[in-house]
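Summary of the model geometry
One-letter residues, chain by chain:
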Amino acid sequence: MLDQAQRILKDVFGYDAFRGNQGAIIERVASGGDALVLMPTGGGKSLCYQVPALLREGLAVVVSPLIALMDDQVATLDELGVSAVALNSTLGPEEQRDIAERIRRNEIKMLYLAPERLVQPRMLAFLQRLDVALFAIDEAHCVSQWGHDFRPEYMQLGQLAELFPDVPRIALTATADKRTREEIVQRLHLENAERFLSSFDRPNIFYRIVPKEQPRKQLLGFLAERRGDAGIVYCMSRKKVDDLAAFLTEQGFPALPYHAGLPNDLRAYHQKRFLNEEGLIMVATIAFGMGIDKPNVRFVAHLDLPKSLEAYYQETGRAGRDGLPADAWMAYGLQDVIFLKQMLNNSEGDERHKRVEQHKLDAMLALCEETRCRRQSLLAYFDELLAQPCGHCDNCVDGVQTWDATEPARQALSAIYRSGQRYGVGHLVDILLGRDNDKVRGFGHQHLSVFGVGKALSEGEWRTLFRQLVARGLADVDLDGFGGLRLSDSCRPLLRGEVGLELRRDLKPQQVAKGQSKSPASQLVRSEERETWEALRALRRKLAEEHAVPPYVIFPDATLLEMLRSQPASLADMASVSGVGARKLERYGQAFLEVLQGGVDVAKSPTDLRHELITLARAGMTPAQIARQLDCSEKNVYAMLAEAIGQQQLSLDQALDLPEDLLGEIQEAFLDGEGELPPVAAVAEQFAGRVPEQVLYCVRAALQVEFEL
Ligand code: ADP
Ligand code: ZN
């Protein structure tokens, strides 16, 4: 059996070996047994049911909660030469009948369905008359009422056990905790399922957490090493998302906003573009999440603190699904802590619930202030023991200095206490540093015994110290909403001199700037390889467009990278590249060989340049910025913009940012006469010195489209 599975793995999927538990899972399901699979994102869950589906007779039925995911899977299988379809509500009755007919004729191997579809009596009856190879239940944690992805329809999937007693069922999820696991078993009647637990470590992700100082500047520093990579930047509020997306675009990093306040169709459009185009940054609130299956997300950056390690793990986990190096980067500061603590205090819910949330936040804060390996600490929270420090996080790589903060911490706590437990960090630092300003005088705080006792530390060091005191729960944030600090019960032993305090030393800003941006992911492609790499990507993009699929469906980045490194010289060589199966070899092998041999120069073909231009213009870049980005003349950019407008790939708004009255004036000039639009030359003089001639071409092109002239 495993032999056969191995052959399918190589022939169809183009891979040489199973990863982790895949082999065992496939053997179990292919031989008719049930399975419960817990595997982290990117672990390779899909193969666990796709290979058995090909090994067994009959139709494999796959339940998946999201249409976008289904379409992606079907497109991927299609490219591999496996006949799969997704039945969803966007299909008309005609198409649905056609699919049913093809299923009856055994022409379809895999059927993807939403759960509510599957449990319709008619559908169940239809399937009962067929030979069903297996049921795969993806995202099985959706059955858990306590999880955040609960889908009531999933509850009804339990009846499959009874209706199809001889059909193997495999449930898969990337949610690790025990409670969810037991709920899946119970509700889906998987008592006889063999359980396959994988490590939840994501070894290809590099974790880094830096103290927040000037977040935008810090983010730009991080991005500078990652030009052209796709990534996600998470922020807390919608406004921040909008502002940051605009800012990044302005700075030459094409970015799109995503949050629940945007109209549905715009949100869907941004998501689609993120999947289909390369090198876009999605700036998002946590509304952007489930269903992001883009495998080559190279980084996830947090500009605000998530409220639990569960959320942090899940959000950072969207990076590097393809197994290639990826970065999880976060800037975190005292304001985050204050904000989240206040939110928690103001939230609804009973005391018990609040306590649970408080614990979760404390665990998140502990990771931020962690002095040992971040990965060890993160996995320990999920009950997984990593024997050695990972060597692949900031703490392991940079080393962490700690210092004895006992005395300064006592001073800080006394400053809080003696000033009446109601002032924010700024004022407390002023007191400690002995600053004689109006506010200090106004409250008479220059007479406090702690006034000026802290001159040995700098303002920055005091701020760090206060952040750490709050993060460790030694000081509390006031409930009133002004960010005042007060003492907490747990600081008493420290104040009484019974215990000491060892704290992490923040890196100096210049050290941070130097160290933070580099990581294996930022050096995925070396500079001497860049040109060939871009040429391979360009060919992939062209093929993807022709086939109307996302680029990674043609080949994942890992496959392109292997081509780049192993330089196959023949189709036979090409066949041994991981990810090149029989079908793709036949379809695309030759074309990629030619690029590798430098036969075709697709690197900056006109089509690519135009494609990139459209992406950048849609993202809101000005022509001057685009010219810089594409390294070509502004004149050229305008010419291409005019062409793109003419072909209705861009609106005038997207291409140019003209003042409204000026635009009106230009339009009038063109529309002055009867019939045909006059040539640009005819109106150019009127705008000489005010508007570059190239702009006129763009406006004219837009009018032509508008009036079909
Ligand atoms: P998951 O659903 O667990 O997040 P996927 O099934 O999407 O993960 O797989 C993640 C990536 O790993 C995909 O690009 C997939 O093709 C690749 N992959 C899966 N199994 C293997 C394997 N045995 N060898 C090489 N690549 C694999
Ligand atoms: Zn580590």
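Scroll up a little and you will see the structure.
Residues numbered from 1 in each chain as written. Chains lettered and ligands numbered in written order. Predicted model: local features only at pLDDT ≥ 70, side-chain atom pairs only at ≥ 80, totals over all residues. Heavy atoms only, no water.

Overview of the pairing of strand E9 (residues 230–234)
Of all 5 residues making up E9, 5 are buried, and the element is well covered by its neighbours. Side-chain alternation along E9 places Ala230, Ile232 and Tyr234 on one buried face and Gly231 and Val233 on a second face that is also buried. Looking at chain direction, E9 and strand E12 (residues 297–302) are connected through 5 bridges and run parallel. Across the sheet, the residue bridging to isoleucine 232 is valine 300, located in E12. Here E9 pairs with strand E11 (residues 281–284) via 4 bridges, running parallel. When the sheet's bridge partners are listed, tyrosine 234 is paired in E11 with alanine 284. (Buried < 20%, exposed > 50% of the residue type's maximum accessible area, 1.4 Å probe, protein only. Helix = DSSP H or I, 4+ residues; strand = E, 2+ residues; numbered from the N terminus. Pairing = 2+ DSSP bridges.)

Quick notes on the packing of helix H35 (residues 680–687) against helix H36 (residues 693–707)
Close contact between H35 and H36 brings their axes to 10 Å; oriented N to C, the two are set at 130 degrees. As summarised for this structure, H35 and H36 are arranged oblique, according to the angle between their axes. When you trace H35 past H36, the crossing you get is right-handed. Of the residues in H36, those touching H35 at Val680, Val683, Ala684 and Phe687 are Glu693, Leu696, Tyr697 and Arg700. (Axes fitted to C-alpha atoms, helices over the stretch in contact; angles between N-to-C directions. Parallel < 35°, antiparallel > 145°, perpendicular 65-115°, else oblique. Left-handed = near helix turned anticlockwise from the far one by under 90°. Contact = heavy atoms within 4.5 Å.)

Focus on the coordination of the zinc ion (ligand 2)
All of the protein donors around the zinc ion (ligand 2) are Cys373 (SG), Cys390 (SG), Cys393 (SG) and Cys396 (SG); their distances to the metal are 2.3 to 2.4 Å. Sequence spacing of the donors to the zinc ion (ligand 2): C-x16-C-x2-C-x2-C. Linking cysteine 373 in the loop between helix H16 (351–368) and helix H17 (374–381) with cysteine 396 in helix H18 (residues 394–398), this pair joins segments that are 23 residues apart in sequence. For cysteine 396, a relative accessible area of 26% puts it in the partly exposed group. (Donors = N, O, S within 2.8 Å, 3.2 Å for Na, K, Ca; no water.)

Notes on a negative patch on the surface
Taken together, the side chains of Asp653, Asp657, Glu660 and Asp661 make up a negatively charged region of the molecular surface. With respect to the helices and strands, the residue aspartate 653 is situated in helix H33 (residues 652–655). (Patch = residues over 30% accessible without salt bridge, like charges linked within 9 Å, V, L, I, M, F, W, Y side chains within 5 Å. Areas by Shrake-Rupley, 256 points an atom, 1.4 Å probe, with all protein chains shown as cover. Salt bridge = Lys/Arg side-chain N within 4 Å of Asp/Glu carboxyl O. Lys, Arg positive; Asp, Glu negative; His and termini not counted. Charge placed at Lys NZ, Arg CZ, Asp CG, Glu CD.)

Focus on helix H5 (residues 93–104)
In this model H5 runs 17 Å from its N-terminal to its C-terminal C-alpha over 12 residues, within 8% of the 16 Å that 1.5 Å per residue would give. For H5, every residue scored as buried is listed here: Ile99, Ala100 and Ile103. All buried residues of H5 lie within an arc of 100 degrees about the axis, which places them on one face of the element. Exposed and oriented more than 90 degrees from the buried face of H5 are Glu94 and Arg97. Along its buried surface, H5 packs onto strand E2 (59–63), strand E3 (84–87), strand E4 (110–113) and helix H7 (121–128). Positive phi appears at asparagine 106, one or two residues downstream of H5, with a value of about 65 degrees. (Expected span 1.5 Å × (residues − 1). Arc of directions from axis to C-beta.)

Some thoughts on the sheet that holds E3
What the 7 strands build is an open sheet, ordered E3-E4-E2-E5-E6-E1-E7; its pairing is parallel. Edge positions in the sheet fall to E3 and strand E7 (194–197), since each has one partner strand and no second. Pairs of neighbouring strands in the sheet enclose a mean axial angle of 20 degrees, with direction left out of account. Strand direction decides the pairing type here: strand E1 (residues 35–38) and strand E6 (residues 169–173), joined by 4 bridges, are parallel. Paired with alanine 35 across the strands is isoleucine 170, a residue of E6. Across the face of the sheet, helix H3 (residues 45–55) comes into contact with E2, E4, strand E5 (132–137) and E6 while running at roughly 160 degrees to E6. Most of the contacts of H5 go to E3, to which it runs at about 140 degrees, and overall it touches E2, E3 and E4.

Things to note about helix H34 (residues 660–671)
Counted at 1.5 Å a residue, the expected span for H34 with its 12 residues is 16 Å, and the 16 Å between its end C-alpha atoms agrees. The complete set of buried residues in H34 reads Leu662, Leu663, Ile666, Ala669 and Phe670. The arc that holds the buried residues of H34, viewed along the axis, is 125 degrees, so those residues lie on one side. Structural note: H34 exposes Glu660, Asp661 and Glu668 on the side pointing more than 90 degrees away from its buried face. On its buried face, H34 is in contact with H33, H35 and H36.

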